[in-house]
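Listed below are the residues making up each chain.
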Amino acid sequence: MTVDSADSTAAAQEAQPPRKRAAAKKSAKKSTGTTAAKGRPELVQLMTPEGKRVKNAAYDKYVTDITDDALRDLYRDMVMARRFDAEAVTLQRQGELGLWPSLLGQEAAQVGSGRATRDDDYVFPTYREHGVAWCRGVDPTKLLGMFRGVNNGGWDPNSNNFQLYTIVIGSQVLHATGYAMGVAKDGADSAVVAYFGDGASSQGDVAEAFTFSAVYNAPVVFFCQNNQWAISEPTEKQTRVPLYQRAQGYGFPGVRVDGNDVLAVLAVTRWALERARDGEGPTLVEAFTYRMGAHTTSDDPTKYRADEERASWEAKDPILRLRTYLESQTDTDEGFFAELEAEAEALGKRVRDAVRAMPDPDHMAIFENVYADGHALVDEERAQFAAYQASFAEEGA
């Protein structure tokens, strides 16, 4: 049997002790640059940050129906989602909301994937999918009640096939898998989408969901928005491989898409949903994007990441990217952008008025529904908190 030089070199390396073998591989990568050449993750992109359309033989066919009007609709979705989000941040700063998780920078990932779904598909969000909610037809004002503390969700999940926001990290991914298994047993041709972040990918619930979905060939798309930071923890401290490659270990495909390219996200998500509906099982989509704001309004990202990093991602802004394309490659005029700006401001006012019309949170409601029956410790804590609240009234008097 003939062995070529590459095979003999590899065999010699494998015969070395593990520590020496690892050092040799590290040295080879440093000298030959093979990490950049062979190890760079594949990234599906249909539109560059400069607004240039690029061809992709595998995914172009999934967006052949996207006309200039459809692109303008996608642009409108992203602008409206960003305006709503900005208003919610301001309302939290004014004390109208207790907390708010901003989607700033992730509009393309959410709108592209949200618009890929059909009405009969079912979506399981985290707590940041405001753009997906917009695409599913959920009234934006209903997203705010939970963050004001006046309800536990605010909308009927079955009205738009959009589940309530999930605060517990990663749990909704397992819920989505169970629902998808039920869809398959019912014989329906709809699909399920489970949203989660790069931080949640380290949760056991996500690993269990991957296992069950693969074994039972569940029609579910796992949509991971990798915004680079799980609060203050960077992605490279959570995984040794790109997130989308984790799917290989479970036996289903994974793909990384430019999460700031709304057209590419739309195409990839359509492909993944088509696989699910055709009985081909789950897919992991990693939308490679960036969280330009804080994790939530209680976070200060300046303490753990550099301004230069954000600046580099601002150059890849998903809204600016599509606007550049619309202005240079279509007949979109300034009148369109002016009308959209006015529409966005009207949305901001509607959201502002709706929140200020909401009742103040019931401070004592936190003690309700903790146990089915009474509990001595909860009763004691309720009494202590009531006395604490009453002390403010006494001081005022």
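Residues numbered from 1 in each chain as written. Predicted model: local features only at pLDDT ≥ 70, side-chain atom pairs only at ≥ 80, totals over all residues. Heavy atoms only, no water.

A. View of the pairing of strand S3 (residues 220-226). The buried fraction of S3 is high, at seven of seven residues. Because side chains alternate across S3, one face comprises the buried residues Val220, Phe222, Cys224 and Asn226, and the other comprises Val221, Phe223 and Gln225, equally buried. Looking at chain direction, strand S2 (residues 192-197) and S3 are connected through six bridges and run parallel. By the bridge assignment for S3, Gly197 is matched with Gln225. For the crossover that starts at S2, traverses helix H10 (residues 204-215) and ends in the parallel S3, the hand is right-handed. Relative to strand S7 (residues 283-288), S3 is paired through six bridges, and the arrangement is parallel. Bridging from a neighbouring strand, Phe222 pairs with Leu284 of S7. (Buried < 20%, exposed > 50% of the residue type's maximum accessible area, 1.4 Å probe, protein only. Helix = DSSP H or I, 4+ residues; strand = E, 2+ residues; numbered from the N terminus. Pairing = 2+ DSSP bridges. Right-handed = clockwise from strand over helix to strand, strands pointing away.)

B. Structural view of the environment of Ala58. Mapped onto the elements, Ala58 comes out in the loop between helix H3 (34-38) and helix H4 (68-93). Each C-alpha atom of the pair Ala58 and Val44 lies 9.3 Å from the other, and the pair is 14 residues apart in sequence.

C. Main features of the sheet that holds S7. Read across the open sheet, the five strands follow the order S1-S2-S3-S7-S6; overall the sheet is parallel. Strands at the two margins of the open sheet, each flanked by one partner only, are strand S1 (122-124) and strand S6 (254-258). Here the average twist between neighbouring strands, direction ignored, is 20 degrees. Of the pairings in the sheet, the one linking S6 to S7 comprises five bridges and is parallel in character. For Val257, the partnering residue across the bridge sits in S7 and is Ala287. On top of the sheet, helix H11 (residues 262-277) reaches S2, S3, S6 and S7; it is set at about 160 degrees to S6, its chief contact. (Axes fitted to C-alpha atoms, helices over the stretch in contact; angles between N-to-C directions. Contact = heavy atoms within 4.5 Å.)

D. Structural context of the confidence of the model for the protein chain. Averaged over all residues, the pLDDT of the protein chain is 91; the fraction at 70 or higher stands at 90%. Scored below 50 in pLDDT, residues 1-37 shows eleven contacts in the model against residues more than four places distant or in partner chains. (pLDDT = per-residue confidence, 0-100.)

E. Geometry of empty space enclosed by the protein. Throughout the structure, instances matching the rule amount to one cavity of 30 Å³ or more. In this structure, the largest cavity occupies an estimated 40 Å³ of space. When residues of the lining of the largest cavity are traced back to their parent elements, those giving at least two are H4 and helix H6 (130-135). Residue classes in the lining of the largest cavity are distributed as seven nonpolar, two polar and no charged. (1 Å grid on protein atoms, 1.4 Å probe; cavity = no way out; pocket = protein on both sides within 12 Å on 5 of 7 lines; lining within 4 Å. Points joined across faces, edges and corners; volume = space filled by probe spheres on them. Nonpolar A, V, L, I, M, F, W, Y, C, P; charged D, E, K, R; others polar.)

F. View of the packing of H4 against helix H13 (residues 318-329). Contact geometry of H4 with H13 gives a least axis separation of 10 Å together with a crossing angle of 150 degrees. Between H4 and H13, the crossing angle belongs to the class labelled roughly antiparallel. Here H4 and H13 pass one another in a crossing that is left-handed. The residues of H13 that touch H4, namely those facing Leu71, Arg72, Leu74, Tyr75, Met78, Val79 and Arg82, are Pro318, Ile319, Leu322, Arg323, Tyr325 and Leu326. Among the residues forming the contact of H4 with H13, the class breakdown is ten nonpolar, no polar and three charged. (Parallel < 35°, antiparallel > 145°, perpendicular 65-115°, else oblique. Left-handed = near helix turned anticlockwise from the far one by under 90°.)

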